[in-house]
Amino acid sequence: MDTSRREFLKTSSLLLAGTAISLYGMPVRGESENKPAGMPKRTLGKDFTVSALGLGCMGMSANHGPARNKKEMANLIAEAVDLGITFFDTAEIYGPHTNEELVGPALSRYRHKVAIGTKFGLYYPDGRQVEDARPERIKQAVEGSLKRLKTDYIDIYYQHRIDNKVPIEDVAGTMKELVKEGKILHWGMSEPNIETIKRAHREFPVTAVENQYAMSFRRHEEQTFKVIEELGIGLVAYSPLDRGYLAGKMDGKTIFDPKNDMRASFPRMSPEAMEKNLVIIDFLREIGSAKNATPAQTALAWILAQKPWIVPIPETTQSAHLKENIEAVHITWTEDEMKEINDRLSKIKLTGERYTPGSVAAKSVYDLI
Ligand SMILES: NC(=O)c1ccc[n+]([C@@H]2O[C@H](COP(=O)([O-])OP(=O)(O)OC[C@H]3O[C@@H](n4cnc5c(N)ncnc54)[C@H](OP(=O)(O)O)[C@@H]3O)[C@@H](O)[C@H]2O)c1
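Residues numbered from 1 in each chain as written. Predicted model: local features only at pLDDT ≥ 70, side-chain atom pairs only at ≥ 80, totals over all residues. Heavy atoms only, no water.

## What about empty space enclosed by the protein?
Filter applied, for reference: Method remark: on a 1 Å grid restricted to protein atoms, a set of points is classed as a cavity if a 1.4 Å probe fits but cannot get out and as a pocket if it is open with protein on both sides within 12 Å along at least five of seven lines; lining residues have an atom within 4 Å of a point. Grid points are joined across faces, edges and corners, and a volume is the space filled by probe spheres set on the points. Think of it as three bins: nonpolar holds Ala, Val, Leu, Ile, Met, Phe, Trp, Tyr, Cys and Pro, charged holds Asp, Glu, Lys and Arg, and polar takes everything else, Gly as well.
For the structure on display, the rule yields one cavity of 30 Å³ or more. In this structure, the largest cavity spans a volume of roughly 40 Å³. Around the largest cavity, the lining residues are Leu53, Gly54, Leu55, Ile85, Pro314, Thr316, Leu322, Asn325 and Ile326. Residue composition of the lining of the largest cavity, grouped by class: six nonpolar, three polar and no charged.

As structure tokens, then:
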């Protein structure tokens, strides 16, 4: 190794807490013994305090390739708790049911110090997407979730998709009853439009909205952010790595199996879009290199830097990725740096919608509102 490279590596490792030299000779955050301690917390809504980064658990059981080994995933969940994660995301529809059956028991010995978010109201009988938030159906759903999660309370219970057949006031009223009964502690909605958020919150205060939010998907900044900030509602950012793409390991040659991976049907994840969108990966690598951060770490840190009331819930099924992602909480930028990053980011044009335009899935996420 030449002297200048050795000096560069030495200086980098001295300057950056939490940084070490990887096998490839490049500094990588998170491999050091000498890490900055502690996982910061964030508060959603009035008083729902969780780790700044949560863990999305869906792909452990469904929708992102074959279900993974249950014992290995339970160990990964335990490792996440050891690393400071206190917020875990699941839903009755993931599997269906098998993800809750994994997550609840895996967390039972830590139950007092972790929060579980689960969801109701989205079903796929015969493969068709159906929303059902009738109060009687919610009451049935919550009993099922509590049983599968092996717990007597759910920390945050989300309506997975809005059901236009049921007034949101009826859903909020049902949430109020469930809180009174102690079955849930907080409630939220996934992908509601802004009118629905306002009406729901008026009826019974909403703690968090769970929406897709990532460097490559910023649509909710326009309207939703303004409304939830005013009302004091938090944002749980799902697909913060844009379904894994922002980790920088995918391109036009990446193939998803349509039998078990929902990404096979997303225009944003088509080979053509993934090849064209590599421009954002180049950008991530460029801004990440100044912080010795990987694309995944940079993409997650960028979300955390936007608002203090956002908690991203990246999913992973791999211990190495978990450790890598967690280091994102230690990356910061100055206001001027972030302004420049966001100016440049807004000029990057990406290809491919998240859901097929006109499909039931696309309509139910209020893309155009
Ligand atoms: N409310 C809703 O409607 C909704 C919709 C979708 C998802 N969600 C929730 O949000 C969670 C996260 O969303 P998501 O899974 O769609 O997207 P995501 O978190 O953006 O991406 C997950 C993918 O990224 C990969 N990944 C993670 N860290 C990585 C790293 N450091 N390097 C390389 N690859 C990495 C994972 O693969 P590996 O397993 O190989 O690491 C996984 O395939 C889900 O688990 C689910 O709980 C909610």
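## Quick word on the packing of aromatic side chains
Applicable threshold: The criterion for an aromatic pair is that two Phe, Tyr or Trp rings (for Trp, the six-membered ring) have centres within 6.5 Å, with stacked assigned to planes under 30 degrees apart, edge-to-face to planes over 60 apart and tilted to the rest. Segments assigned H or I by DSSP are reported as helices when at least four residues long, segments assigned E as strands when at least two residues long, and all are numbered from the N terminus. Working definition: with a 1.4 Å probe on protein chains only, accessible area under 20% of the residue-type maximum means buried, over 50% means exposed, and in between means partly exposed.
Evaluated as defined, the whole model comprises six aromatic pairs. Seen in terms of ring centroids, Tyr213 and Trp302 are 5.6 Å apart; in terms of plane orientation they differ by 35°. Their pairing is tilted. On the criterion of sequence distance, the pair formed by Tyr213 in the loop between strand E12 (208-212) and helix H8 (224-231) and Trp302 in helix H11 (residues 295-306) is long-range, its members being 89 residues apart. You'll find Tyr213 and Trp302 in the same group, each marked buried. With 5.2 Å between their ring centres and 90° between their planes, Phe266 and Tyr355 make a pair best called edge-to-face. With Phe266 in the loop between strand E13 (234-238) and helix H9 (271-276) and Tyr355 in the loop between helix H13 (335-346) and helix H14 (360-363), the pair connects residues that are 89 residues apart, well separated along the chain. Judged by its relative accessible area of 7%, Phe266 falls in the buried class. Taking relative accessible area as the criterion, Tyr355 reaches 10% and is therefore assigned buried. Put simply, the rings of Tyr213, Phe225, Trp302 and Trp309 pair up and form one aromatic cluster.

## Some thoughts on the nonpolar core
In plain terms, the rule: Nonpolar core, defined: a set of buried Ala, Val, Leu, Ile, Met, Phe, Trp, Tyr and Cys residues in which side-chain atoms within 4.5 Å join the residues together. Residues count as neighbours in contact if any of their non-hydrogen atoms are within 4.5 Å of one another.
Grouped together as the largest cluster of nonpolar side chains are 106 residues, with contacts concentrated most on Phe87, Phe88, Tyr157, Met175, Trp187, Met215 and Leu246. At seven residues, H11 tops the list of elements feeding residues into this core. Sequence-distant contacts of Met215, that is, excluding residues within four places in its chain, are made with Leu246, Ile280, Phe283, Leu284, Ile287, Ala299, Trp302 and Leu345.

## Focus on the sheet that holds E13
Put simply, the rule reads: Strands were regarded as paired on the criterion that DSSP finds at least two bridges between them. A fitted line through C-alpha atoms represents every axis, and for helices the fit uses only the stretch in contact; the resulting angles, taken between N-to-C directions, go from 0 to 180 degrees.
The strand order across the open sheet formed by eight strands is E5-E6-E7-E10-E11-E12-E13-E14, and the pairing between neighbours is parallel. Looking at the sheet topology across the chains shown, the edges are occupied by strand E5 (55-56) and strand E14 (310-312). Those strands touched by H8 are E12, E13 and E14, and its axis lies near 140° from that of E13.

## Quick notes on the pairing of strand E4 (residues 48-51)
Relative to E4, strand E3 (residues 41-44) runs antiparallel, the two sharing four bridges. Pairing of Lys41 across the sheet is with Ser51, part of E4.

## Considerations on the site of the ligand
The following threshold applies: One heavy atom within 4 Å of a molecule or strand is enough for the residue carrying it to be called near that molecule or strand. Whenever a nitrogen or oxygen atom comes within 3.5 Å of another N or O atom, the pair is scored as a polar contact, on the condition that within protein one atom can donate a hydrogen and the other can accept it, and that pairs from neighbouring residues in sequence are kept only if both atoms are in side chains. Accessibility throughout is a Shrake-Rupley quantity obtained with a 1.4 Å probe, and a residue counts as covered only by protein chains that appear here.
As a structural note, the neighbourhood of the ligand is formed by 31 residues, with Asp89, Leu241, Thr316, Thr317 and His321 the closest of them. Contact between the ligand and Asp89: an oxygen atom at 2.6 Å from a side-chain N or O atom of the residue. In this structure, Tyr94 approaches the ligand through a side-chain N or O atom, which is 3.4 Å from a nitrogen atom. Here the ligand has 890 Å² of accessible area as a free molecule, and 95% of this is covered by the chains. The dominant element in the shell around the ligand, judged by the number of residues it contributes, is helix H12 (residues 319-326), at three residues. Across the shell around the ligand, the residue classes tally to 10 nonpolar, 11 polar and 10 charged.

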